[in-house]
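Examination of the molecular architecture
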Amino acid sequence: MHHQVIIEPFKIKTVEPIYMTTEEERICFLEQAHYNPFLLHSDQVLIDLLTDSGTSAMSTRQWSAMMSGDESYAGARSWLKLERVIQELTGYPHILPTHQGRAAERILYGYLGGKGKVFLSNTHFDTTRANIEFSGATAIDCPIEEAHHPSLDHPFKGNMDVVKLETGIKQHGANNISAVILTVTNNTGGGQPVSMENTEAISARCRKYGVLFIIDACRVAENAYFIKHREKGYENKPYKQIAQEMFSLADGCVMSAKKDGLVNIGGFLALQDNQISDACTNLLIITEGFTTYGGLAGRDMEAMAVGLEEVFEEDYLKYRIRSTQYLGEKISDMGIPIMLPVGGHAVYVDSKALYPHIPVDQYPGQALVCELYLKGGIRCVEVGSVMFGRQDEQGQLIPASMELVRLAIPRRVYTQSHVDYVIEVFQEILDTKNSVRGMRITHEPKLLRHFSAHFERI
Ligand code: F0G
């Protein structure tokens, strides 16, 4: 096609109203939510960019498949169909269904982890890290150096530093490494892709030292898009085949199907090894459900089986990546500092660069999150020192390496005019940036504090 505009490759059949709010109302709502958008009611939000997880719009094919869901406790037809789809995609023989990604993480990392054990990753996502640390083990991030510099361009900024990986394995001893986890795309690092070359290098090190290699495949289709368009030798390969090649380099995967499975709930664990699979199957039955449904209804498994195929369709992926880029390019052109290049599922704003007058211990990212809500009813999440900061013995903040704000794009949900509205709100953010103040935490839980912490304005 020679046209410039890439249209949404779907028509809208069912619509859900957005409740309009005024800035005065939002001031009140945000105060009631203690300046933490996780505590807002969704009806108080105009454009919800909090997450791309479980927020996809399903297709007519998925909805019709749901009607044929087989709700049998054991051996359901819907399960056999899903199992076939996942086996074909991943090449792994053992498939364990779970209600979402972190349940697969809890089972696998809970089993492999424990005191004295170490996990190495390009970057552990927050639930991944929490599950590992909850088991008593240690999670160490080994991203490439470029990943720490938001404005630096690099085609595969999600890559793992292979030298750091090898040093880590030697330092802790291969026997103590529970697994190497490669997150594709690297969510915490800005939704950045991982190259096949890097995956091969990691795979070779893992084989050399006899360490288990697991792929966190939440956004494996989006990652395949970037490989096809940025890595030599993949120009003519179908997206699914690229993903299959990636899986073939590892020993197993965990997946939250709430992302590239195009469903509202669902996940799985897939493994090569019989022994690990047996141990995990026990945990699955105790905590999630029987092996042929995990934590899912038959209809959920039907929707997932279709979603895992639709996500690799060429028109879909092209629209998906382009619509994220569209938002990123427009706000970047106007002068909003963002993580470059734009990733697959989200645009990450560098709040430290936007608000240089707000020190990191006053959470510039949280300040931006609140501004976006107040000015435009847009909800998004801080991915910085609120999410990843720690306290030293004196109670001083050990900040995260970057202070990002994530605008995650739900799949097939918003149209270009919704995105144009977001862009307009960013112009207001830019015009008023010097008057924005920092935040202070007034209440926080022990783990995963970003979900429920309370804040106030300084
Ligand atoms: N791994 C990655 C890379 C993720 O992004 C997520 C979830 C999970 C694992 C856990 O999956 O939510 O199904 O239990 N990410 C969501 C997000 C929550 O907003 O990025 P889950």
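What comes next is a walk through the structure. (Residues numbered from 1 in each chain as written. Predicted model: local features only at pLDDT ≥ 70, side-chain atom pairs only at ≥ 80, totals over all residues. Heavy atoms only, no water.)

**Examining the site of the ligand**
Here is the rule: Consider each residue's heavy atoms; a residue with any of them within 4 Å of a molecule or strand counts as near. Residues adjacent in sequence count toward polar contacts only when both atoms are side-chain atoms; beyond that, a polar contact is any pair of N or O atoms within 3.5 Å, and within protein one must be able to donate a hydrogen and the other to accept it. The Shrake-Rupley method, run with a 1.4 Å probe sphere, supplies the accessible areas, and residue values consider only the shown protein chains as cover. In this text, helices come from DSSP runs of H or I with a minimum length of four residues, and strands from runs of E with a minimum of two, each type numbered from the N-terminal end. Note that Gly is not counted as nonpolar here; it falls among the polar residues with everything else outside the nonpolar set of Ala, Val, Leu, Ile, Met, Phe, Trp, Tyr, Cys and Pro and the charged set of Asp, Glu, Lys and Arg.
Residues in close proximity to the ligand total 17 residues, the closest being Thr51, Arg102, Asp216, Ser256 and Lys259. Within the side chain of threonine 51, an N or O atom sits 2.6 Å from an oxygen atom of the ligand. Here an oxygen atom of the ligand sits 2.7 Å away from a polar atom, N or O, in the side chain of arginine 102. If the ligand stood free it would expose 470 Å²; the protein chains cover 94% of that surface. The greatest single-element share of the shell around the ligand, amounting to 3 residues, is contributed by helix α4 (residues 101-112). The class makeup of the residues in the shell around the ligand is 2 nonpolar, 8 polar and 7 charged.

**Looking at the sheet that holds strand β11 (residues 381-383)**
The test is simple: Whether two strands pair comes down to DSSP finding at least two bridges between them. For every element, the axis is a line fit to its C-alpha atoms; helices are fit only across the contacting stretch, and the angle between N-to-C directions ranges from 0 to 180 degrees. In what follows, a contact means two residues having at least one pair of non-hydrogen atoms within 4.5 Å.
In space, the 3 strands of this open sheet follow the order β9-β14-β11, with antiparallel pairing throughout. Of all strands in the sheet, those with a lone pairing partner are β9 (346-350) and β11, marking the two edges. The sheet shows a mean angle of 35 degrees between the axes of neighbouring strands, direction not considered. The sheet contact formed by β9 and strand β14 (residues 404-408) spans 5 bridges and is antiparallel. Bridging from a neighbouring strand, aspartate 350 pairs with leucine 404 of β14. The strands touched by helix α12 (residues 314-334) are β9 and β14; relative to β9, the strand with the most contacts, the crossing angle is about 25 degrees.

**What to know about the pairing of strand β5 (residues 177-183)**
Using the following cut-off: Accessibility here uses a 1.4 Å probe with only protein chains present; expressed as a share of the type maximum, an area under 20% marks a residue as buried, one over 50% as exposed, and anything in between as partly exposed. Whether a crossover is right-handed comes down to one check: with the strands pointing away from the viewer, does the path from the first strand over the helix to the second run clockwise; if it does, it is right-handed.
Where burial is concerned, most of β5 is hidden: 7 out of the 7 residues are buried. In terms of strand pairing, strand β3 (residues 118-121) meets β5 through 4 bridges, oriented parallel. Looking across to β5, one finds that leucine 120 is bridged to valine 180. In terms of strand pairing, β5 meets strand β6 (residues 213-216) through 4 bridges, oriented parallel. Looking across to β6, one finds that threonine 183 is bridged to aspartate 216. Each parallel crossover has a hand, and for β5 linked through helix α7 (residues 196-209) to β6 it is right-handed.

**Describing the state of the cysteines**
Put simply, the rule reads: Disulfide: a pair of cysteine sulfur atoms within 2.5 Å of each other.
Counted under the stated rule, the structure contains 0 disulfides. Just so you know, cysteine 206 is unpaired, no disulfide at all, and the nearest cysteine sulfur is the one on cysteine 142, 11 Å from it. Take cysteine 370: it sits in no disulfide, and the sulfur closest to it among the cysteines is that of cysteine 380, at 9.2 Å.

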